[in-house]
Amino acid sequence: VQLVESGGDLVQAGGSLRLSCAASGFTFDDYAIGWFRQAPGKEREFVAAITWSGGSTYYVDSVKGRFTISRDNGKNTVYLQMNSLKPGDTAVYYCAAKRGILQVAVRLVDPNYWGQGTQVTVSS
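Residues numbered from 1 in each chain as written. Predicted model: local features only at pLDDT ≥ 70, side-chain atom pairs only at ≥ 80, totals over all residues. Heavy atoms only, no water.

A few words now on the pattern of salt bridges. Scanning all chains against the criterion turns up 5 salt bridges. The network of salt bridges with shared partners includes Arg-37, Glu-45, Arg-66 and Asp-89. (Salt bridge = Lys/Arg side-chain N within 4 Å of Asp/Glu carboxyl O.)

Here it is, written out as structure tokens:
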């Protein structure tokens, strides 16, 4: 099983990035996918989630209206489009997979699989 994140970079405040999470080794369609992030000296926090079908999404309040999660089940890939980035968004971003075919996205708890993370740095 693998979840491989990519797309992290150094960007100025107000800029945009798109993160990707490529999955392999499990039945991708059976899993909800979430993005988490961990800033230096802080605990890892949930950011966004999407259901197995892509029909429902959920965001933490701090990113609503700025971040968009989406998925392409044909490519076994989930994306996180991040716009209007702020220095407070600086963190290592992780994707995670949680088995379940819920119709409504919720905050992911105890994912089955984690990726290794990709660094996002937003300069002021």
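Glancing now at the state of the cysteines. The final tally for this structure, using the stated rule, is 1 disulfide. A disulfide bridge connects Cys-21 with Cys-95, and the sulfur atoms are separated by 2.1 Å. Between Cys-21 and Cys-95 the sulfur-sulfur dihedral comes to about 65°; the bridge is accordingly right-handed. In this pair, Cys-21 is assigned in strand 3 (residues 17–24) and Cys-95 in strand 9 (residues 91–99), connecting sequence segments 74 residues apart. (Disulfide = S-S within 2.5 Å. Helix = DSSP H or I, 4+ residues; strand = E, 2+ residues; numbered from the N terminus.)

This part takes up the nonpolar core. Counting 30 residues, the largest nonpolar core has Trp-35, Phe-67, Ile-69, Val-78, Leu-80, Met-82 and Tyr-93 as its most contacted members. Contributions of two or more residues to this core are made by strand 3, strand 4 (31–38), strand 5 (45–50), strand 7 (67–72), strand 8 (77–82), strand 9 and strand 11 (118–123). Residues in contact with Tyr-93, not counting those within four places in the same chain, are Glu-5, Leu-19, Trp-35, Phe-36, Arg-37, Phe-67, Leu-80, Met-82, Gly-117, Thr-118 and Val-120. Residues Ala-32, Ala-49, Ala-96 and Leu-108 belong to the second largest nonpolar core, which totals 6 residues. (Core = buried A, V, L, I, M, F, W, Y, C linked by side-chain atoms within 4.5 Å. Buried < 20%, exposed > 50% of the residue type's maximum accessible area, 1.4 Å probe, protein only. Contact = heavy atoms within 4.5 Å.)

This next bit is on unusual backbone geometry. Glycine aside, negative phi is the norm for most residues, and most peptide bonds take the trans geometry. One non-glycine residue, Asn-76, lies in positive phi territory at about 50°. With relative accessibility at 24%, the residue Asn-76 sits in the partly exposed group. A positive phi angle, close to 50°, is found at Asp-110, a residue other than glycine. Relative to the helices and strands, Asp-110 resides in the loop between strand 9 and strand 10 (113–114). Residue classification places Asp-110 among the exposed positions, given a relative accessible area of 61%.

Looking at the element boundaries, Asp-89 is found in the loop between strand 8 and strand 9. Of note is the side chain of Asp-89, whose polar atom sits 2.9 Å from the side chain of Arg-37. At a separation of 2.8 Å, a polar atom in the side chain of Asp-89 contacts the side chain of Arg-66. Leaving out residues up to four positions away in the same chain, Asp-89 has contacts with Arg-37, Arg-66, Phe-67, Ser-84, Val-120 and Val-122. (Polar contact = N/O pair within 3.5 Å; in protein donor to acceptor, adjacent residues only side chain to side chain.)

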